[in-house]
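A look at the structure
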Amino acid sequence: MKYFSLIWSNLLRKKLRTTLTLLSIFIAFLLYGYLAAIRGAFAGNISMQGAERLITRHKVSIAQLLPIRYRSRIAQIPGVKNTVTCTWFGGIYQHPYNFFPQIVVNQESYFDVYSEFKVSEKERQAWLNTRDGVIVGRSTARRFGWKIGDRIPIQATIWIKPGGSQAWEFEIVGIYDGQDKETDSSQMFIRYDYFDETRLFAKGQIGWFVVKVADPQNSFSIIRQIDTEFANSSAGETKSETEKAFAQAFAKQIGDIGKILIAILSAVFFTILLVAGNTMAQAVRERREELGVLKAIGFTNAGVLGLVLGESIVLSGVGGFAGLGLAIIIIAQGDPTHGALPVFVFPASDVLLGVGITIGLGLLAGIFPALQAMRLNVAEALRRM
Amino acid sequence: MSAAENGREVLVRVKGVGKVYRRGSEDIHVLRDLDLEVRAGDFLALMGPSGSGKSTLLNLLGGLDRPTEGILTVGGDSIADLTPRELAAWRARHIGFVFQLYNLLPTLTAIANVELPLLLTPLSKSERRSHSEAALKMVGLGHRLKHYPRQLSGGEQQRVGIARAIVADPTILLCDEPTGDLDRKSGDEILSLLQELNRAQGKTIIMVTHDPHASHRAGRTIYLNKGQISDTMPE
């Protein structure tokens, strides 16, 4: 620490250059934080979901429906603990901009299968007692200012009612919370029985099954058994997979966001490395005599190497930590798209990676100028004076 | 040898020292078969024309460079036998440099500049500060502790340079044209200060200078001409 004031004073030598370099690093790490949150929003939930839940859908595509009667046959397969059905509702609240997911589920057991959604027993009971009741996630309720007891109109885009009406109305009977900040709390759950009775067509048809298995070790055997059970079925063959694999496949449909973002960040950090490296190289070139003086008064070669590397790490650290800090603060405010990215968080692992990149950037940017300073011949450096 | 010299130990011993630089295929003999002794407490002026080898000799004495041949010992330590790391530690302990252009770090205050050599010692922060303050007071700059080099005159900057050179109480002060960039009045003040350090504190000082006026303030003057000691001022 006794060398810190020396390191810091060197950074302040060319204030404009240091400020511009710091700003570049700051922006790069702010961008890093933001893109990490976006990547997490597209793929983050995947990492949370293990093999204990399976998704069974129509073999052709998830847009094809399956008969609900499959549910009892799936339930009979050994190792299956619970089964619920899900159907995409796809309605609009006031304006298409107000997107949030609405899913039709089996009210009696959905929250047993999705235990990461926390809802009180009283609200679950109210849902069982209210046919047009829905349970909404905390973030959506907060977004629209909804509270329990409110009646909300939803314009259907798929499921019209007899007579052609697209207008549905639901009563909010409960609000669920995620078990942690990385759990999506933007969804709305509609009762299947009410939905099935009210819709005009496709009665008895559902979107996909969620199968909870007793032992994840047996998941792949159960997957085989389910798909064998419905092989050659005229009502539709099935394709089963773990929820994680399902979510990954779903994410891939909109492109490999992770790879795109990593490519962008790599380009950004490479540019920043050049900027910071150039700053350090210039700083060392301009200070040959001073470094010579330090060596003359007794600083060792390793000591001078450490000073220059320390300077580079402080430069990268100040810009990087400020960028990461602001990213944490901004991302903590929540989804900036008001619904398109329901799980918008800066994962702790990415924060740690950011800290590592900050230090690595400092080391890489400083190593060549530091080696140059270390090898500086003191007599030659002083001869220039 | 004077009676005064008899009682003092030989601090610097230069025996048959030569220094050759290679430029392309050509060998340049900057110093040739040089013999010199400097006793503890000497104030020695090294004079000679440009290219005579004064600064090279000063670099060798300060452990900034190594002789190509010969023996060079300072305080009993053979410079050529020390590793670069040992040499750096040796410089920190034994040598104080005063440069012509002061060579203060412009981003540090006077006291922070003086403190630099003490960063290499195990002294605490408060001890470093008090030592640095004492050194600055000794050179008459007790009132300029927090000033940056740009806020000081040339003479004052050189005083800070001297304070930096003496703060760790080195065995020898090596001064390379310490008045070369100063006006006569400031130069005289710096020379008086060096004389004071030599007389009152017994500091051994070796000073390279072009200026006969400066050399008169030293106790002894030797001349270098084409890399060799000369008894008289070269033409």
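Residues numbered from 1 in each chain as written. Chains lettered and ligands numbered in written order. Predicted model: local features only at pLDDT ≥ 70, side-chain atom pairs only at ≥ 80, totals over all residues. Heavy atoms only, no water.

Quick look at the pattern of salt bridges
Residues and elements named next belong to chain B. Note the following rule: What makes a salt bridge here is a side-chain nitrogen of Lys or Arg within 4 Å of a carboxyl oxygen of Asp or Glu, nothing more. Put simply, DSSP marks the helices as runs of H or I at least four residues long and the strands as runs of E at least two long, and each gets a number from the N terminus on. Remark: exposure states derive from per-residue accessible area (1.4 Å probe, protein chains only) relative to the maximum for the residue type, with buried under 20%, exposed over 50%, and partly exposed in between.
Scanning all chains against the criterion turns up 32 salt bridges over all chains. With a closest N to O distance of 2.8 Å, E115 and R128 form a salt bridge. With E115 in helix α4 (residues 110–115) and R128 in helix α5 (residues 125–138), this pair connects stretches of sequence that are 13 residues apart. Residue classification places E115 among the buried residues on the basis of a relative accessible area of 6%. Two residues, K203 and D169, come together in a salt bridge whose shortest N-O distance is 2.6 Å.

Here we look at the packing of helix α12 (residues 301–332) of chain A against helix α13 (residues 348–375) of chain A
All names here are of chain A. Let me state the cut-off plainly: Simply put, an axis is a line fit to the C-alpha atoms, just over the touching stretch for a helix, and the angle between two N-to-C directions goes from 0 to 180 degrees. Working definition: roughly parallel below 35 degrees, roughly antiparallel above 145 degrees, roughly perpendicular at 65 to 115 degrees, and oblique for all remaining angles. Throughout, a crossing is termed right-handed when the near helix is turned clockwise from the far one, and left-handed when it is turned anticlockwise from it by less than a right angle. The classification used treats Ala, Val, Leu, Ile, Met, Phe, Trp, Tyr, Cys and Pro as nonpolar, Asp, Glu, Lys and Arg as charged, and all other residues, Gly among them, as polar.
In contact at an axis separation of 7 Å, α12 and α13 are set at 150 degrees when each is read in the N-to-C sense. Taken together, α12 and α13 sit at an angle that is classed as roughly antiparallel. For the pair α12 and α13, the sense of crossing is right-handed. Here the residues of the contact of α12 with α13 sort into 21 nonpolar, nine polar and no charged.

Quick word on the nonpolar core
As a reminder, the rule being used: Working definition of a nonpolar core: buried Ala, Val, Leu, Ile, Met, Phe, Trp, Tyr and Cys residues. They are joined through side-chain atoms within 4.5 Å. In this description, contact between two residues means that some pair of their heavy atoms is separated by no more than 4.5 Å.
If you look at the biggest cluster of nonpolar residues, it comprises 49 residues, and the most contacted ones within it are L6(A), I25(A), L291(A), L294(A), F299(A), F346(A) and L116(B). Elements represented by at least two residues in this core include exactly α1 (4–11), α2 (15–48), α10 (257–286), α11 (288–296), α12 and α13 of chain A. In terms of residue count, the dominant contributor to this core is α12(A) (10 residues). Those residues in contact with F346(A) that lie beyond four places of it in its chain are Y32(A), G33(A), A36(A), L324(A), A327(A), I328(A), I331(A) and V351(A). By size, the runner-up hydrophobic cluster in this structure holds 36 residues, among which are A141(A), I175(A), I206(A) and I222(A).

Digging into the sheet that holds strand β9 (residues 220–225) of chain B
All names here are of chain B. Just so we agree on the cut-off: Strands are treated as partners if at least two bridges between them are detected by DSSP.
Spatial ordering of the open sheet is given by β6-β7-β8-β3-β9-β10, a layout of six strands whose pairing is mixed. Both edges of this open sheet fall to β6 (95–98) and β10 (228–230), since each of them pairs with a single strand only. Between one strand axis and the next, the sheet turns through 25 degrees on average, direction left out of account. Against the sheet, helix α6 (residues 154–166) contacts β6 and β7 (172–176), and its axis sits at roughly 170 degrees relative to β6.

Examining the sheet that holds strand β4 (residues 69–74) of chain B
Residue and element names in this part refer to chain B. Within the open sheet, the four strands sit side by side as β2-β1-β4-β5. Their pairing is antiparallel. Edge strands, defined here as strands with exactly one partner in the open sheet, are β2 (26–39) and β5 (77–78). Relative to β5, β4 is paired through two bridges, and the arrangement is antiparallel. Bridge pairing in β5 links V74 to D77.

A look at the domain arrangement of chain A
Residues and elements named next belong to chain A. Note the cut-off: Residue ranges for the domains originate in an automatic or database domain assignment. As used here, buried area is the combined drop in accessible area, with a 1.4 Å probe, of two parts when they are placed together.
The domain boundaries assigned to chain A delineate domain 1 (4–44 + 256–383) and domain 2 (60–236). The C-alpha-based centres of domain 1 and domain 2 are spaced at 47 Å. Each partner contributes to the interface: domain 1 provides seven residues, whereas domain 2 provides eight residues. In this assembly, domain 1 packs against domain 2 so that about 660 Å² is buried in total across both faces, 58% of it on carbon and sulfur atoms. Here domain 1 is connected to domain 2 by zero salt bridges.

Thoughts on the pairing of β4(B)
Both strand β1 (residues 10–23) of chain B and β4(B) contribute to a ladder of five bridges, which runs antiparallel. Paired with G18(B) across the bridge in β4(B) is E69(B).

Some words on the interface of chain B and chain A
One frequent convention defines the size of an interface as the accessible area lost when the parts assemble. Formally: We call two N or O atoms a polar contact when they sit within 3.5 Å, provided that within protein one can donate a hydrogen and the other can accept it, with sequence-adjacent residues counted only if both atoms are side-chain atoms.
With 24 residues of chain B at the contact, the number on the chain A side is 24 residues. A buried area of about 2100 Å², summed over both sides, lies between chain B and chain A, and 67% of it is on carbon and sulfur atoms. Joining chain B to chain A, the criterion identifies zero salt bridges. The tally of links from chain B across to chain A stands at six residue pairs in polar contact (both at pLDDT 80 or more). It is helix α3 (residues 84–94) of chain B that provides the largest number of residues to the side of chain B that touches chain A, a total of five residues.

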